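Examination of the molecular architecture
Chain by chain, the residues:
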Amino acid sequence: MTSELDIFVGNTTLIDEDVYRLWLDGYSVTDAVALRVRSGILEQTGATAAVLQSDTMDHYRTFHMLERLLHAPPKLLHQLIFQIPPSRQALLIERYYAFDEAFVREVLGKKLSKGTKKDLDDISTKTGITLKSCRRQMESCSVAQAGVQWRDLSSLQPPPPGFRDYAAIVFFANNRFETGKKKLQYLSFGDFAFCAELMIQNWTLGAVDSQMDDMDMDLDKEFLQDLKELKVLVADKDLLDLHKSLVCTALRGKLGVFSEMEANFKNLSRGLVNVAAKLTHNKDVRDLFVDLVEKFVEPCRSDHWPLSDVRFFLNQYSASVHSLDGFRHQALWDRYMGTLRGCLLRLYHD
Amino acid sequence: MPGKLKVKIVAGRHLPVMDRASDLTDAFVEVKFGNTTFKTDVYLKSLNPQWNSEWFKFEVDDEDLQDEPLQITVLDHDTYSANDAIGKVYIDIDPLLYSEAATVISGWFPIYDTIHGIRGEINVVVKVDLFNDLNRFRQSSCGVKFFCTTSIPKCYRAVIIHGFVEELVVNEDPEYQWIDRIRTPRASNEARQRLISLMSGELQRKIGLKVLEMRGNAVVGYLQCFDLEGESGLVVRAIGTACTLDKLSSPAAFLPACNSPSKEMKEIPFNEDPNPNTHSSGPSTPLKNQTYSFSPSKSYSRQSSSSDTDLSLTPKTGMGSGSAGKEGGPFKALLRQQTQSALEQREFPFFTLTAFPPGFLVHVGGVVSARSVKLLDRIHNPDEPETRDAWWAEIRQEIKSHAKALGCHAVVGYSESTSICEEVCILSASGTAAVLNPRFLQDGTVEGCLEQRLEENLPTRCGFCHIPYDELNMPFPAHLTYCYNCRKQKVPDVLFTTIDLPTDATVIGKGCLIQARLCRLKKKAQAEANATAISNLLPFMEYEVHTQLMNKLKLKGMNALFGLRIQITVGENMLMGLASATGVYLAALPTPGGIQIAGKTPNDGSYEQHISHMQKKINDTIAKNKELYEINPPEISEEIIGSPIPEPRQRSRLLRSQSESSDEVTELDLSHGKKDAFVLEIDDTDAMEDVHSLLTDVPPPSGFYSCNTEIMPGINNWTSEIQMFTSVRVIRLSSLNLTNQALNKNFNDLCENLLKSLYFKLRSMIPCCLCHVNFTVSLPEDELIQVTVTAVAITFDKNQALQTTKTPVEKSLQRASTDNEELLQFPLELCSDSLPSHPFPPAKEHLESASSNSGIPAAQRDRCSSWIELIKLKAQTIRRGSIKTTMTVEKASPVGDGNFRNRSAPPCANSTVGVVKMTPLSFIPGAKITKYLGIINMFFIRETTSLREEGGVSGFLHAFIAEVFAMVRAHVAALGGNAVVSYIMKQCVFMENPNKNQAQCLINVSGDAVVFVRESDLEVVSSQQPTTNCQSSCTEGEVTT
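Residues numbered from 1 in each chain as written. Chains lettered and ligands numbered in written order. Predicted model: local features only at pLDDT ≥ 70, side-chain atom pairs only at ≥ 80, totals over all residues. Heavy atoms only, no water.

Section: the overall build of chain A
If you tally the helices and strands in chain A, you get 20 helices and 1 strand. In chain A, buried positions account for 52% of the 350 residues. Across chain A, contacts joining residues at least 24 apart in sequence account for 72% of those joining residues at least 6 apart. In the structure as shown, chain A presents an accessible area of about 15,700 Å², 51% of it carried by carbon and sulfur atoms. (Helix = DSSP H or I, 4+ residues; strand = E, 2+ residues; numbered from the N terminus. Buried < 20%, exposed > 50% of the residue type's maximum accessible area, 1.4 Å probe, protein only. Contact = heavy atoms within 4.5 Å. Areas by Shrake-Rupley, 256 points an atom, 1.4 Å probe, with all protein chains shown as cover.)

Structure representation (structure tokens):
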């Protein structure tokens, strides 16, 4: 006796959250059944393994049919085939678009096209996330990037919790920031997402013009052009010296690593300002994080600056510029340094 | 021109991409009715076209309006080649033809293609302007209402129940026409869909005409089926019960209405009408009239003293009529005479109803069924389907004579079915022989006031169990005892019926689903020989199915079956029998004896031991089941009952033994005790298998109950969550081990596993009950068995049980006490024994009330079909409102309280999709049906040539059934409804050819589209506008607003 066909269709579509999670995690039916058996469900319900198998298959089939709709969430709301209560719909979407940080860390800053099978294979082996799940996450990233229609969802419910993170992913992908270099490996997705949020808030077109969609994912080109003007801070020797003396006076006695700071000031300042000046070129924008780590984080770290000292220094460093009489780009400096200070503080850890 | 049909195509959405180059579609729509076609403009390059067309107007005969479906085809415009069809929508405009149903059909319909499934949606508005046509010779029957519901629909009352209507139409099946060889599968499927739709319309119209002839205005329990006879054609047949229905005024306004003078006028002549049941009570018209209108309690109490079949033990003083035991004979004769005169004009006194207005059913004889095996031949002249008509007439005649043999003149719960394999066809009909109250059947004599019936039903609540046949001249061997309720009339030891449990029946404990499953191999044969082989097998199948049912019933410790449905399916090389029913313990019937096993070779020691071991197991199971289903019948001393009349039984030897007390003892005391044990003789391994299979049925997990009737006996506190589902399983038998036993085991496992799966899937709804569990078996191929189950899971509140049961009780108690002491007495005497069965012993002052309650029908409030019950309901809700204030606050929250599932407003076309509930039951728990919008009867074909790509057979069928649900919901929503009741999947024919990567499936579903309002919403209304009438029906001083 073999089962040829075995289905269950409810007027209200049954969604089992646990099975949904297993499906999203890319487990095969057999693995999912094994995992469910381990969870002790058979003892709780007195069911048999065959029942569990049939149930799992059935849920998988439903999810498979739903997946087409999940790719365009507004469709899920208007479709007639599956009668699903709104709370369940929201859950489906939310869970579907949730991602593993480990996975996202890998693809951050890369093109969000489907990714070659080999790429995904590599990520899968590296992170231990199943290939299926990798593929889904890659796809949802590209859905997020491409359509972004599903933001209409906000009319129905608050934006999904993962939404900010998706903004970061798309922002990184659009600007193709380099995040994969070895020296950046110590940074987590959270670090990057934090920086992305600051940058989206301050450095994009939407940041200056409220008329623009505030989710605009492109950096303000004009602003980047203007950043060249900051070069004067390091190019003009007098200005640089004045800046240094202002910072040193203010921080004398307050910094544990004062001597190291004094010795390194010019290098650090040059690094920070040059990063700004280089942002005109797309290629250099990509290397932003590499530059920041190379030019600032690493030197400080090698001198064993404590985080509090870095904060003191960066605050003083940006504030002192206001006292430089010969410098006219105060607003520009604030917009640049305000964001950068936040980012650097977040990036400064082991 | 009696009608103008107007159609407007508004918009489309989610259309498929038809042009690969642009990833867009240039869509337009063809609207076709009859032979007229209109087209919209082409809406270029969009997947969400906005046509906003003008009104397309069709001027048509109402005959066509009834027959033809509106056909909407969405196409992709192609300049150079032929336009590609995207899909179609068929809209049955019948619901627009009754005055009080839907006025407009408007909404999003899934665009359906038989090859690709649903491909986007289209928004359509349809209206009909009907002109009055007084032509007496017209061919149409517009205005006759159709209901699938097998009881009187909730917001109507039956004035007259006329009786059986049937019709069948035949045609050639397009799939088997020569043209099918050259046309595409799509064209062939569409031709079939259209033809069946057309035939259904024609059939409905013809039935409607018959109803008009009988002077009825509605068909209740309408069941339409189609037989795919293959080469020999396509038969669409329908049966139903013609009625004259009166719409009850809307629940909000019913109270003033029932008090209106016109109503009183109607009732007066009725009360004066000679009444065989109450003839002895002195007529006092004005008083009675008032009684009916205001206080049902009075009528109850009065009737309790004067009815013939009184329930109380002690004869009452001042009672006009003698007890039925003495008067039984003449009374019965009188009744029969009256009824016969009413029924005699009718060819077939059949009723497709399974639940009846109170008092309608007088006695129930038992199940009658007839089967016949026919050889199909080509239908030569579709206009004269005489052969098929003759076949059915023959079977009905047989049913009628069976009923007569049981001393009954009518058959209720009647249904017909077929099973076809190649050119052999088994026609089956079954029903329950019954004696009916003639007053419902006589034309013109009665204004059919239900309140009158209501009062009758109470005293006779064991009446339907009493035998209608003459005990000295019994049609079959049976054990008769005196009724355990009234102790005056004879009752059988077990009762099998095809109807629902009458609401007024007294049941002890809960019921459960009981199934008998059976397979029999047969040799492959051709034509004549095949038919003979099948005919020879049938009686044995019937017998074994019956035995199995009986054994299982005894094993459950119960004594009656309701909703019995025996399905016999014929395949190439086997016959399958599946019987489903709901077992209950009727208080009026004797306690069932246990099952006794007898071995053939008593000398063999180990064998003996084995037998006794089995016996112990059986006894344990019975004991366990009694506990599980809370069956604690009251102990009744033997003297009262009188001695049973022993009769020999086929295959079972009568042994005297004690039944209940034998739970612990393995050796039965055979010397004393009056009840018989059912004996199973184990004479070979076959019998051993049978016993084993008896014991393999596992009860549902705790928190689950199941039944195949509308409501579960013993559960009455339903909460509002319902989940209707369809589950399909197909297994392939390995051809090597095809023996009867292996086959039986496979089939048994299949059904058991299916049930287990259901319990597992629905575990989140616990505590819940699977109601109306409907199994269908088919044998699509040699080694395939397909089982389809449709049922609804309804949650109930375990903890609330006490409160809800108390409410009606208090009421009846108070009602009685304000009036008359008599009422109070009889339930006390009758039922105080059953008190221990109550899970939570109520407080002392409610002692009497709780016990009297066990006599109040379980889900009465859901099934109420008369205004008087509405009053009761209202009274109840108001009382609730005043007593449990905190609860009311919760319950009375307005409609839009964010709980989407509870939205009761008809869904709006443009907002997000509204929820449409579907249920095979005739009611929705916790809600009132306020309007019937019309019948839904849909037929779909789905075919694929890329089976693997669609997820194999499971993926294909899963998607298709989901689509069918979606289309039903969309049609209901477009009618302005929010639920489908009495939903049934009548056919699910699945054929596959995995080698060719192909599969095809046909599904036929039907139901009644309705609008329902949550009871909690009604409550708000009622507590806001209390009327004086309302208060008068409530208990004093309880009403506060």
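Comments concerning the overall build of chain B
Of regular secondary structure, chain B possesses 23 helices and 32 strands. Scored against the burial criterion, the 1041 residues of chain B give a buried share of 61%. If you take every contact in chain B between residues at least 6 apart in sequence, the share linking residues at least 24 apart comes to 78%. Accessible area of chain B: about 38,800 Å², with a carbon and sulfur share of 51%.

Some points on the environment of E721 of chain B
By the element assignment, E721 of chain B lies in strand 26 (residues 718-732). Distance from E721 of chain B to G926 of chain B, taken between C-alpha atoms, is 9.0 Å for residues 205 residues apart in sequence.

Points about the confidence of the model for chain A
Caution applies to low-pLDDT regions: their predicted coordinates should not be interpreted in detail. All names here are of chain A. Per-residue confidence for chain A averages 81 on the pLDDT scale, and 88% of its residues sit at or above 70. This stretch, residues 149-159, has a pLDDT under 50; its non-local contacts, to residues over four places away or in other chains, come to 15 contacts. Segment residues 210-215: pLDDT under 50, and 8 contacts once partners within four positions in sequence are set aside and those in other chains are kept. (pLDDT = per-residue confidence, 0-100.)

Side note on the interface of chain A and chain B
Between chain A and chain B, the residue contacts involve 37 residues of the former and 51 residues of the latter. In this assembly, chain A packs against chain B so that about 4,000 Å² is buried in total across both faces, 62% of it on carbon and sulfur atoms. Here chain A and chain B share 5 salt bridges between them. Across the pair D16 of chain A and R763 of chain B runs a salt bridge, and its minimum N-O distance is 3.1 Å. Remark: the boundary between chain A and chain B carries 24 residue pairs in polar contact (both at pLDDT 80 or more). Looking at the side of chain A that touches chain B, the elements that each hand over two or more residues are strand 1 (2-10), helix 3 (41-45), helix 4 (49-70) and helix 5 (73-78) of chain A. (Buried area = accessible area lost by both parts, 1.4 Å probe. Salt bridge = Lys/Arg side-chain N within 4 Å of Asp/Glu carboxyl O. Polar contact = N/O pair within 3.5 Å; in protein donor to acceptor, adjacent residues only side chain to side chain.)

Concerning the packing of aromatic side chains
Considering all chains together, one arrives at 43 aromatic pairs over all chains under this definition. Look at Y112 of chain B and F960 of chain B: their rings are 6.4 Å apart centre to centre, the planes differ by 25 degrees, and that puts the pair in the stacked class. Taken together, the positions of Y112 of chain B in strand 7 (residues 104-113) and F960 of chain B in helix 21 (residues 952-974) put the pair 848 residues apart, joining distant regions of the chain. Ring centres 6.5 Å apart and planes at 90 degrees place the aromatic pair F164 of chain B and F348 of chain B in the edge-to-face group. With F164 of chain B in strand 10 (residues 156-171) and F348 of chain B in the loop between helix 7 (324-344) and strand 13 (361-375), this residue pair connects regions lying 184 residues apart in the sequence. Of the two residues, F164 of chain B and F348 of chain B, both sit in the buried class. One aromatic cluster is present, formed by W203, F223, F265, F296, W305, F313, Y317, W333 and Y336 of chain A through successive ring pairs. Its guanidinium or amino end placed over the ring of Y156 of chain B, K247 of chain B lies 5.2 Å from that ring's centre, counting from NZ or CZ. Residue placement shows R763 of chain B over the ring face of F760 of chain B; its charged tip is 4.1 Å from the ring centre. (Phe/Tyr/Trp six-rings, centres within 6.5 Å; stacked < 30°, edge-to-face > 60°. Lys NZ or Arg CZ within 6 Å of the ring centre and 35° of its normal.)

As for the nonpolar core
Across soluble globular proteins, you tend to see nonpolar side chains buried next to one another. One finds F313 and Y336 of chain A together with I122 of chain B to be the most contacted residues of the largest nonpolar core, which totals 204 residues. Per-element tally for this core: the top contributor is helix 21 of chain B, with 15 residues. Excluding residues that lie within four positions of it along the chain, I122 of chain B makes contacts with I9, A11, G12, V29, W51, I72, V74, V89, G107, W108, F109 and I111 of chain B. Grouped together as the second largest cluster of nonpolar side chains are 45 residues, I152, A434, C462 and I924 of chain B included. (Core = buried A, V, L, I, M, F, W, Y, C linked by side-chain atoms within 4.5 Å.)

What to know about the pairing of strand 8 (residues 117-130) of chain B
Residue and element names in this part refer to chain B. Burial of strand 8 is extensive: 11 of the 14 residues sit out of reach of the surface. Relative to strand 8, strand 1 (residues 3-13) runs antiparallel, the two sharing 10 bridges. By the bridge assignment, G3 is partnered in strand 8 with L130. Here strand 7 pairs with strand 8 via 9 bridges, running antiparallel. (Pairing = 2+ DSSP bridges.)

Let's talk about the confidence of the model for chain B
Per-chain confidence: chain B averages 72 in pLDDT, with 65% of residues scoring 70 or above. Every residue in residues 1024-1041 of chain B scores below 50 in pLDDT, and together they form 26 contacts with partners more than four places removed in sequence or on other chains.

Focus: unusual backbone geometry
Residue P767 of chain B is reached from I766 of chain B by a cis peptide bond, and omega for that bond is 0 degrees. Structurally, P767 of chain B is set in the loop between helix 14 (740-761) and strand 27 (768-778). One non-glycine residue, H304 of chain A, adopts positive backbone phi at about 60 degrees. Mapped onto the elements of the fold, H304 of chain A is located in the loop between helix 18 (288-302) and helix 19 (307-320).

Let's talk about the packing of helix 4 of chain A against helix 14 of chain B
Axis separation between helix 4 of chain A and helix 14 of chain B bottoms out at 9 Å; the angle between their running directions is 60 degrees. In this view, helix 4 of chain A runs oblique relative to helix 14 of chain B, as classed from their interaxial angle. For the crossing formed where helix 4 of chain A meets helix 14 of chain B, the hand is right-handed. Contacts between helix 4 of chain A and helix 14 of chain B involve V51, L52, S54, D55, D58 and H59 of chain A on the former and, on the latter, K756, S757, F760 and K761 of chain B. (Axes fitted to C-alpha atoms, helices over the stretch in contact; angles between N-to-C directions. Parallel < 35°, antiparallel > 145°, perpendicular 65-115°, else oblique. Left-handed = near helix turned anticlockwise from the far one by under 90°.)

Topic: the sheet that holds strand 20 (residues 560-570) of chain B
Residue and element names in this part refer to chain B. Pairing in this open sheet of 4 strands is mixed, and the strands run 18-20-21-19 from one edge to the other. Only two strands of the sheet have a single partner each, and these edge strands are strand 18 (495-496) and strand 19 (507-521). For strand 19 and strand 21 (residues 574-586), the ladder comprises 12 bridges, and the chain directions are antiparallel. Residue pairing in the sheet places R520 in a bridge with L575 of strand 21. Set on the sheet, helix 14 makes contact with strand 19 and strand 21; between it and strand 19 the angle comes to about 140 degrees.

Topic: the sheet that holds strand 13 of chain B
Residues and elements named next belong to chain B. The strand order across the open sheet built from 3 strands is 13-15-14, with neighbouring strands paired in antiparallel fashion. Every other strand in the sheet has two partners, leaving strand 13 and strand 14 (410-421) as the edge strands with one partner each. Each strand of the sheet is rotated relative to its neighbour by a mean of 10 degrees, with strand direction disregarded. This element, helix 8 (residues 386-405), spans strand 13, strand 14 and strand 15 (424-436) of the sheet and lies at about 145 degrees to strand 13. Those strands touched by helix 10 (residues 527-555) are strand 13 and strand 15, and its axis lies near 155 degrees from that of strand 13.

A word on the environment of K8 of chain B
All names here are of chain B. Structurally, the position occupied by K8 is in strand 1. Expressed as a C-alpha distance, the spacing of K8 and E54, which sit 46 residues apart in the sequence, is 6.1 Å. Setting aside residues up to four positions removed in sequence, K8 forms contacts with N52, S53, E54, W55, N123, V124 and V125.

Observations concerning the pattern of salt bridges
Residue and element names in this part refer to chain A. By the definition in use, this model includes 40 salt bridges over all chains. Residue E294 is joined to K183 by a salt bridge in which the shortest nitrogen-to-oxygen separation is 2.5 Å. With a gap of 111 residues between them, E294 in helix 18 and K183 in the loop between helix 10 (163-175) and helix 11 (189-203) connect regions that are remote in the sequence. What makes K183 partly exposed here is its relative accessible area of 29%.

Overview of helix 21 of chain B
Each α-helix winds once per 3.6 residues, and so residues spaced three or four apart point in a common direction. Along its 23 residues, helix 21 of chain B runs 33 Å from first to last C-alpha, staying within 8% of the 33 Å computed at 1.5 Å per residue. In terms of burial, helix 21 of chain B is largely enclosed, as 22 of its 23 residues are buried. (Expected span 1.5 Å × (residues − 1).)

Things to note about helix 1 (residues 17-24) of chain A
Residues and elements named next belong to chain A. Listing the buried residues of helix 1 in full gives V19, Y20, L22, W23 and L24. The N-capping residue of helix 1, defined by a side-chain oxygen 2.9 Å from the backbone nitrogen of D18, is D16. At the C-terminal side of helix 1, G26 shows a positive phi close to 80 degrees.

Details of the pairing of strand 20 of chain B
All names here are of chain B. For strand 20, a buried count of 9 out of 11 residues is recorded, marking the element as mostly surrounded by other parts of the structure. The sheet contact formed by strand 18 and strand 20 spans 2 bridges and is parallel. Each residue of the ladder has a partner; that of F496, found in strand 20, is L561. Relative to strand 21, strand 20 runs antiparallel, the two sharing 9 bridges. Across the sheet, the residue bridging to V570 is L575, located in strand 21. Between strand 20 and strand 21, which follow one another and run antiparallel, lie 3 residues.

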